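Okay, here's what each chain looks like letter by letter:
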Amino acid sequence: MRLHKLTVTAFGPFAGTETVDFDALASGGLFLLRGATGAGKSSVLDAVCYALYGEVPGTRRVNRLRSDHADPRRLTEVRLELTLGGRRLQITRLPEQPRPKKVGKGTTVERAQTLLREWSADGSDGGDGAPGWRAVSKSHQEAGEEIHRLVGMSRDQFCQVVLLPQGDFARFLRADSEERGKLLRRLFDTERFQHVEAWLAEQRRAQEAAVLAGRRRLRDLCSKAEQAAGPQAEPAAAWVPGEDEPAHAAAGLTADVLGWAAILRNGAAEQLAVADAALDGAEAGHRAAQRARADAEELAGRQRRHQAAAQEAARLTGAGPEVERDRRRLADAQAAVGVESVLHLRRTAAEAHRAAVEKEHRRREALAGAPGGEGAALARAGAEELAAAEQRLRAEVVRLEAAQADEVRCAALGREQASLDADRRRTEELAEEAADWLAEFDGRLAALQEVQAAARTAGTRVEQLDARHDEVTQRLAAARRRDALRKEIRAAAPLALARRAEALDAREHSQDVRERRLTGMAAELAEQLRSGEACRVCGSPEHPEPARPSGGQVGAADEDRARAAQAVAEQAADAAERELAGLQVREASAAGAAGPESAGVIAEALAEVERERREALRAAEGLGPVTRQIERLTDDQNRRLAELRDAGERTAALTARAEALGTEQEELGRRVEAARGDAPSVAGRASELARLTEAVAASAEAARAARAAAERLEEASGELARAAEAAGFPGVEEAAAVLLPRERREQLEARLARYQAELAAVQQQLTEPELAAAAACPPADVPGARSRLQAAVDRLRRAHAAQEAARERREALATIGRELTGLAASLAPALDRFGRINRLATLAAGTSAENRLRMRLESYVLAARLEQVAAAASDRLVRMSGGRYTLVHSDDRGAGTKRSGLALRVVDAWTGTERDTATLSGGESFFASLALALGLADVVTDEAGGMPLDTLFIDEGFGTLDEQALEEVMDVLDGLRERDRAVGIVSHVADLKSRIPAQLLVSKGRHGSTLTLAGRENT
């Protein structure tokens, strides 16, 4: 990018129209912007920034761009001509501003305008084919996007790279890592890396949630499989991590779980095969036992039938005389049928009388045996006396029932008091146990606290050793770089000297060729003369004596070849010297970082630090367990104190309750004692009286029933005598002797008929061949056959249950296995994804152990950019400081929680030490800041796509330099000019007026500032 012309109207301090011809101003490479304070030097730079971006640097408001000195009718306008990407462009911008109305009075707002035009050699906007400006865009957005695309930098980057603000870089030089990071983020646009970090963190959380959900599902399935497989199966806890284990603990478990599940399924299949075989055997045994039982039962039945028939035949033969007697008795009984009903009434009355007498006797005996002497006396009393005694006893029973409630309450109070005593003893035991435990608490706590303090000391030691480890590791790496760079320097130094000698030879040759050409220039001009044409030197058309070329005549082509050879040689020499200087800078930086020790000594120190760290880490690992023990011990103390307090309160409450119960029990006891008398209890006394009352009532009732039965018996006896005489029997005894009831007579008739039928059937059954054959066999073992069948049934039932359980187990494990296979197929990719995303996320966030420097991704990118800036700045700082200083990037970790990677150090070649940039003096800070700014400009230019920056501005800072330092800085700036760059310096330093011929003078006055292109002679 090269600036050509800037025109400002009513802008800032400039009331009129001012023009800056940068082509004329920058023809010598360096130019100076000078003027009084407040004249408007920085406003020139503001105008350049506003033309490109529509905004000014810093925090100035756009509506303050208009000059307060300008005529109201003159609009504020900035026009800039420049070359971008090989295109000659003209940018015209007018901000939004008030202007007088064209008709009437007052003002109106003029809208902001932007016009982007491009120089065209083919035709202008008029279309006449002549060279001129061609409109590209009138849109603010389109023009801004086109300019931004061509420049390749944002406004902040442009203000830091092209308009080099020295004050900002002095602050940047002394800033901490956080402040440097803010500037570098604006310049290098690393927001995308923040988005990458956030995206990785979000993906990690999402993948972790998926893994944890899959692991929970896997644990549930394993629990189901373990339950289905039974207690003999290997537990699932050996294969599945617990709830409190991290997600990455699930890595590799799917294959183990699937193998475990396959083992369970194989075991279930084997168990089912064994159960099937056992069931087949049990079914065969059951069928055989059934057949054996059926055969035994059939044989036993035949044997029993034959035996029963034989016994029945013998019985029937022996019963013949009795059957004959039954025939005769049946005939007599049929004759005495007339007295049967009367006899029955008399027998019933006699039986009732006997039963009543016996009952009365039993009742009186029971009454005589009742406790106390009163029952014996009442047993001899009559029915009326017994009735009166019954009423008296029932009244006494009612009175004792009221006293019985007091006795029950007294017994309940005794039980409650015994329970209270037991509770009080248990409470006192708990209190004593808690007191004993609390007496040992202080000693146990002190012991654990000693262990905790030792672990914390070890943890602090680990942190110290980590820092020491990082330091020694960096020193070892620096020592190895130092040794390698020294070898490269020893090889590069002779090459640089040789290249510089070749460049000097080429320069001498080029100068010699130029002198020889100048010497023979007359002959070269004579060769171009033509007869009749005017001489280019004297103007004469006649050429009487043209110069003749000498034998060593040199032409323009020879001079061009010599200059080209010189340029090639000088470029090679510069490249070799830059390479050597870069090696020296890096070697100095590495030497400063490594110190005087050799790499071997540092490696031994590193090994010793690692050994100490391992020992301290082992001691520090006990902090977590002992802390948890202390927490548990403290919780136990609180619980024991609460138990001791509760025990005291409960003991007091129990004691008070026991005293109240004792008072109530004593009062009830006196009342119960009076009520029970000689009995062991009121209930016993009431029970005795109730029994005596019932006995008296039963005796009275039995006496009345016995007297009524005697009267009915006497009436039945008279009636029976009269009926026997009428039936023809001598007396009642003879009739009664042969009398049989009708049922008995029917039974005798049926018995006689049945006897004849049974005798015939038995005789026929004894003649059956099957029964005879069965009788000849040994007795059948039916109980043994049934026992064997029951055993076979039990075995079959167990076999069926085992086979069903084995089948269900196999089917359940097969279903779970399919689910596990599907889950493993989905969980394995999730585990793989989580492993990768977790590693990337922790690495990008700076929390991974692999991230040695604990640097976030964005910090790492910025550190790389800062390292490039430091390297580019050191190339110039070495020259500015006479080879003394170089800037190096440091990735040391910041103090506390600060991140690492954005530290800057300065290496002092005179002392060989590396120190903080804040220790530089004012002048040293200036040229370090200038070198840093120029280096940043190079890096940002490369970042922006290599857009060449042919115009740079440096704002102030030269007043802090002494004469020698100023000379060295000017040499560096001359080097920028040699690269075909135009460098503008904004300064008040008087010495620069004599050093820089091309100057832009900014003059201020009451009516605004003006711009004047001035040379050294005008100053």
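Nothing here was measured: the structure is a model prediction, and the numbers come from that model. (Residues numbered from 1 in each chain as written. Predicted model: local features only at pLDDT ≥ 70, side-chain atom pairs only at ≥ 80, totals over all residues. Heavy atoms only, no water.)

*Asks:* What should I look at first to understand the overall build of the protein chain in this one?
*Replies:* Counting its secondary structure elements, the protein chain contains 25 helices and 17 strands. Looking at the protein chain residue by residue over its 1019 residues, the buried ones come to 39%. Restricting to contacts in the protein chain with at least 6 residues of sequence separation, those with at least 24 account for 74%. Of the roughly 55400 Å² of accessible surface on the protein chain, 51% is carried by carbon and sulfur atoms. (Helix = DSSP H or I, 4+ residues; strand = E, 2+ residues; numbered from the N terminus. Buried < 20%, exposed > 50% of the residue type's maximum accessible area, 1.4 Å probe, protein only. Contact = heavy atoms within 4.5 Å. Areas by Shrake-Rupley, 256 points an atom, 1.4 Å probe, with all protein chains shown as cover.)

*Asks:* Honestly, the sheet that holds strand S8 (residues 113-120) in this entry has me stumped. Any pointers?
*Replies:* Picture the strands of a sheet paired through backbone hydrogen bonds; they go either parallel or antiparallel. With antiparallel pairing, the 6 strands of this open sheet are ordered in space as S2-S1-S4-S5-S8-S9. Looking at which strands have only one partner, the edges of the open sheet turn out to be strand S2 (14-21) and strand S9 (132-137). The sheet shows a mean angle of 20 degrees between the axes of neighbouring strands, taken without regard to direction. Both strand S1 (residues 2-11) and strand S4 (residues 77-84) contribute to a ladder of 7 bridges, which runs antiparallel. Of the residues in S4, the one forming a bridge with Leu6 is Leu80. Packing of helix H2 (residues 41-53) onto the sheet brings it into contact with S1, S2, S4 and strand S5 (87-94), and relative to S1 it is tilted by some 100 degrees. The strands touched by helix H3 (residues 140-151) within the sheet are S4, S5, S8 and S9, with S5 carrying the most contacts at an inclination of about 140 degrees. (Pairing = 2+ DSSP bridges. Axes fitted to C-alpha atoms, helices over the stretch in contact; angles between N-to-C directions.)

*Asks:* Where do I start with the pattern of salt bridges in this structure?
*Replies:* A side chain of one charge can pair with a side chain of the opposite charge when the charged atoms of the two come close. Within the structure shown, the criterion is met by 31 salt bridges. A salt bridge links Arg915 to Asp908; its shortest N-O distance comes to 3.6 Å. (Salt bridge = Lys/Arg side-chain N within 4 Å of Asp/Glu carboxyl O.)

*Asks:* I'm lost on a negative patch on the surface in this one. Help?
*Replies:* Taken together, the side chains of Glu428, Glu429, Glu432, Asp436 and Glu440 define an acidic patch exposed on the protein surface. Residue position: Glu440 is located in helix H12 (residues 383-519). (Patch = residues over 30% accessible without salt bridge, like charges linked within 9 Å, V, L, I, M, F, W, Y side chains within 5 Å. Lys, Arg positive; Asp, Glu negative; His and termini not counted. Charge placed at Lys NZ, Arg CZ, Asp CG, Glu CD.)

*Asks:* Looking at this model, I keep getting lost on the environment of Val983. Mind explaining?
*Replies:* Mapped onto the elements, Val983 comes out in strand S15 (residues 982-986). In this structure, the C-alpha to C-alpha distance between Val983 and Gly28, residues 955 residues apart in sequence, is 9.5 Å.

*Asks:* Would you take a moment to explain helix H22 (residues 857-880) for this structure?
*Replies:* Between its first and last C-alpha, H22 extends 34 Å over 24 residues, near the 34 Å set by a 1.5 Å rise per residue. Taken as a whole, H22 carries its principal kink of about 30 degrees at Ser874. Gly882 sits one or two positions beyond H22 and adopts a positive phi of about 65 degrees. (Expected span 1.5 Å × (residues − 1). Bend = angle between axes of the 7 residues up to and from the residue.)

*Asks:* Quick question: what am I supposed to make of the nonpolar core here?
*Replies:* Nonpolar side chains tend to gather and get buried jointly when the protein is soluble and globular. Grouped together as the largest cluster of nonpolar side chains are 45 residues, with contacts concentrated most on Leu6, Phe31, Leu52 and Leu82. For this core, the element with the highest residue contribution is H2, accounting for 9 residues. The contact partners of Phe31, leaving out residues within four places of it in the chain, are Phe22, Leu25, Ala26, Phe953, Ala982, Val983, Gly984, Ile985, Ile996 and Ala998. Judged by nonpolar contacts, the second largest core, of 34 residues, contains Ala863, Ala872, Val939 and Leu952. (Core = buried A, V, L, I, M, F, W, Y, C linked by side-chain atoms within 4.5 Å.)

*Asks:* I would appreciate a short explanation of the sheet that holds strand S13 (residues 913-916) in the present structure.
*Replies:* Ordered in space as S11-S12-S13, the 3 strands form an open sheet in which the pairing is antiparallel. Each having just a single partner strand, strand S11 (885-890) and S13 make up the two edges of the open sheet. Taken over all neighbouring pairs, the strand axes of this sheet differ in orientation by 35 degrees on average, direction set aside. Bridge count for strand S12 (residues 903-908) against S13 is 4 bridges, and the pairing is antiparallel.

*Asks:* Any chance you could explain unusual backbone geometry here in plain terms?
*Replies:* Note: most peptide bonds trans; most residues except glycine with negative phi. One non-glycine residue with positive phi stands out, namely Ala10, at about 50 degrees. Structurally, Ala10 can be placed in strand S1. The exposure class assigned to Ala10 is buried, which follows from its relative accessible area of 0%.

*Asks:* Which parts of the structure should I look at to understand the packing of helix H7 (residues 191-229) against H22?
*Replies:* Helix packing for two helices is described by the angle between their axes and how far apart those axes are. The N-to-C vectors of H7 and H22 enclose an angle of 150 degrees; their axes lie 8 Å apart at closest approach. Comparing the axis directions of H7 and H22 gives the class roughly antiparallel. For the pair formed by H7 and H22, the contact residues are Phe193, Gln194, Val196 and Glu197 on the first element and Leu857, Glu858 and Val861 on the second. Broken down by class, the residue content of the contact of H7 with H22 amounts to 4 nonpolar, 1 polar and 2 charged. (Parallel < 35°, antiparallel > 145°, perpendicular 65-115°, else oblique. Nonpolar A, V, L, I, M, F, W, Y, C, P; charged D, E, K, R; others polar.)

*Asks:* Mind showing me how you'd approach the environment of Val20 here?
*Replies:* Among the secondary structure elements, Val20 is positioned in strand S2. Each C-alpha atom of the pair Val20 and Thr7 lies 6.4 Å from the other, and the pair is 13 residues apart in sequence. Sequence-distant contacts of Val20, that is, excluding residues within four places in its chain, are made with His4, Lys5, Leu6, Leu25, Leu1000 and Leu1011.

*Asks:* What's the story with the packing of aromatic side chains in this structure? I'm lost.
*Replies:* Aromatic ring pairs are defined here through the distance separating the ring centres and the angle between the ring planes. Under the definition given, this model contains 4 aromatic pairs. The interplanar angle of 35 degrees and the centroid separation of 6.2 Å between the aromatic rings of Phe11 and Tyr50 together place this pair among those described as tilted. Of this pair, Phe11 sits in strand S1 while Tyr50 sits in helix H2, placing them 39 residues apart in sequence. With respect to class, Phe11 is no different from Tyr50; both count as buried. (Phe/Tyr/Trp six-rings, centres within 6.5 Å; stacked < 30°, edge-to-face > 60°.)

*Asks:* When you look at the side chain of Gln999 in this model, what are you seeing that I'm missing?
*Replies:* Mapped onto the fold, Gln999 is located in strand S16 (residues 999-1003). Among the polar contacts made by the side chain of Gln999, one reaches the side chain of Arg34 at a distance of 2.5 Å. (Polar contact = N/O pair within 3.5 Å; in protein donor to acceptor, adjacent residues only side chain to side chain.)

*Asks:* Would you explain the confidence of the model for the protein chain in this entry?
*Replies:* For any part of a model where pLDDT is low, the fine detail of the predicted coordinates should not be relied upon. Looking at the protein chain as a whole, the pLDDT averages 76, with 74% of positions reaching at least 70. Residue range residues 247-251 is modelled with pLDDT below 50. Its contacts to residues more than four positions away, or to other chains, number 13 contacts. (pLDDT = per-residue confidence, 0-100.)

*Asks:* Which parts of the structure should I look at to understand the packing of H7 against helix H21 (residues 782-845)?
*Replies:* Where H7 meets H21, the axes come as close as 8 Å, and the angle between the chain directions of the two elements is 160 degrees. In terms of their interaxial angle, H7 and H21 are classed as roughly antiparallel. Note that H7 runs across H21; the crossing there is left-handed. Residues belonging to the contact of H7 with H21 are distributed by class as follows: 22 nonpolar, 5 polar and 9 charged. (Left-handed = near helix turned anticlockwise from the far one by under 90°.)

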